[in-house]
2 protein chains.
Amino acid sequence: MKFETTKPEEIEKRSFEILTAELAGMGITLSGDTAPVIKRCIHTTADFDYARTMVFSEGAVAAFCRLVKEGAVIVTDTNMALAGINKRMLASFGSEAMCFMADESVMKEAKERQVTRAHVSMERAMRIDRPVIFAIGNAPTALITLREYFDQGKYRPAFVIGVPVGFVNVAEAKELIMETEIPHIINRGRKGGSNVAAAICNAMLYEMRERI
Amino acid sequence: MKFETTKPEEIEKRSFEILTAELAGMGITLSGDTAPVIKRCIHTTADFDYARTMVFSEGAVAAFCRLVKEGAVIVTDTNMALAGINKRMLASFGSEAMCFMADESVMKEAKERQVTRAHVSMERAMRIDRPVIFAIGNAPTALITLREYFDQGKYRPAFVIGVPVGFVNVAEAKELIMETEIPHIINRGRKGGSNVAAAICNAMLYEMRERI
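Residues numbered from 1 in each chain as written. Chains lettered and ligands numbered in written order. Predicted model: local features only at pLDDT ≥ 70, side-chain atom pairs only at ≥ 80, totals over all residues. Heavy atoms only, no water.

Peer 1: Sorry, what's going on with the overall build of chain A here?
Peer 2: Summing up its helical and strand segments, chain A has eleven helices and six strands in all. Relative to the compact-globule value of 17 Å for 212 residues, chain A shows a C-alpha radius of gyration of 17 Å, a close match. Counting the 212 residues in chain A, one finds 62% classified as buried. Here the contacts in chain A between residues at least 6 apart in sequence split such that 63% fall between residues at least 24 apart. Summing over all exposed atoms, chain A offers an accessible surface of approximately 9200 Å²; the carbon and sulfur share of this is 48%. (Helix = DSSP H or I, 4+ residues; strand = E, 2+ residues; numbered from the N terminus. Rg over C-alpha atoms; globule rule 2.2 N^0.38 Å. Buried < 20%, exposed > 50% of the residue type's maximum accessible area, 1.4 Å probe, protein only. Contact = heavy atoms within 4.5 Å. Areas by Shrake-Rupley, 256 points an atom, 1.4 Å probe, with all protein chains shown as cover.)

Peer 1: How should I be thinking about the pattern of salt bridges in this particular structure?
Peer 2: When the charged atoms of two side chains lie near each other, side chains of opposite charge can form a pair. Taken as a whole, this structure holds 30 salt bridges over all chains when the rule is applied. Residues Glu181 of chain A and Arg156 of chain A are paired through a salt bridge, measuring 3.6 Å at the closest nitrogen-oxygen approach. With Glu181 of chain A in the loop between α10 (170-178) and β6 (184-187) and Arg156 of chain A in the loop between α9 (140-151) and β5 (159-162), this residue pair connects regions lying 25 residues apart in the sequence. Overall, the relative accessible area of 62% leaves Glu181 of chain A in the exposed class. Ionic pairing is found between Glu17 of chain B and Arg14 of chain B, a salt bridge with its closest N-O pair at 3.1 Å. (Salt bridge = Lys/Arg side-chain N within 4 Å of Asp/Glu carboxyl O.)

Peer 1: Please clarify how the environment of Ala110 of chain B should be interpreted in this entry.
Peer 2: Residue and element names in this part refer to chain B. Considering the arrangement of structural elements, one finds Ala110 in helix α7 (residues 104-113). Separated by 86 residues in the primary sequence, Ala110 and Ala24 place their C-alpha atoms 47 Å from one another. With residues up to four places along the chain from it excluded, the contact list for Ala110 reads Val115, Thr116, Arg117 and Val120.

Peer 1: Explain the sheet that holds strand β1 (residues 54-56) of chain A to me, please; I cannot follow it from the model alone.
Peer 2: Whenever strands of a sheet pair, they do so through backbone hydrogen bonds, lying parallel or antiparallel. Residues and elements named next belong to chain A. Pairing within the open sheet is mixed, and its six strands lie in the order β1-β6-β5-β4-β2-β3. With partners counted over all chains shown, the strands left at the sheet margins are β1 and β3 (97-99), one partner each. Sheet twist, expressed as the mean angle between neighbouring strand axes with direction ignored, is 20°. Strand direction decides the pairing type here: strand β2 (residues 73-76) and β3, joined by three bridges, are parallel. Bridging from a neighbouring strand, Ile74 pairs with Ala97 of β3. Across the face of the sheet, helix α4 (residues 60-69) comes into contact with β1, β2, β4 (132-136), β5 and β6 while running at roughly 120° to β5. (Pairing = 2+ DSSP bridges. Axes fitted to C-alpha atoms, helices over the stretch in contact; angles between N-to-C directions.)

What follows is the structure, given as structure tokens:
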């Protein structure tokens, strides 16, 4: 059994070199502050489609970093995304991440009102008395709920990472956020996932660490 | 805003119909007990590549289900995969899932011995006095470690789900498991992830539930 190295930090560095070279082979050169985000999505999925489908609102990466440093919290729509976010690094910037999806009271309320748990989870997040960055990797209804409240003038998310994955309502729900002036990072189309939502957060946290 | 439905169970059903129809359009008809597993990987990623790259050892799905019912435990190599596995359903069959990656003692030992945390985690799992199903969605070194111990006759995993994602050592590490007679489900090549590892487990758990 022969392997180049099994040291995690070397593997990660080499992985980014390989994927950057392959992107170049496809005629794609990524630059600016969005490049590390897109590359980490590719790193997390081995799927180069992300190089063509990621959408960033103007100044999105800088806005995310500023929010984290100013004490915004990240709310996810799955415990998987929550597990994937580097919470130690997030804490080093004075921020934290949370998820309400598995709360007993959320499940109970969703059942009673016959709405999705994601809908109720979003409502819970809206009551947090700090700015909220939503990291949505699963539920299109989370994005739909945010847009409804935004349209009614009841709530304005500080930031939306909108990367649910799927075949029904997903692409449409992402468009609902892109149409607004809410700062966002969206992966257009069907692809995404809890792992991608976490990767997007981590990519920006790692860049923030580099700059310290 | 017009959506067909936002009921999760209907969305899932419709999603599987759509992806099954699209597979047919590509000339791919999946059948047998591996079909729900492959389809759930596609459902989780919106990536149809999985229809062409998933590898199952002979009788793998039946073997996994038997192991779960006989009290085997699932050990993952990330807390993300652990978060994604339906632990309530797993418990209903008398099984459970665990992950040692974030244990302080694992981190300490890995640092001291200058090996990966995944390596130490696998060693911990080998000391469990029940059969272990390994669900590996991240670390190729986890698969390398399992193969090393297997070759030395020191340990035989009951089952390996080998779907790490990445660009360095990943495809090779998967081949190391496929070469053995250890029952396995592997996604050949670079793709996979913690979400895919969890999806594979859940697909089989859901089929077990259907059959009760």
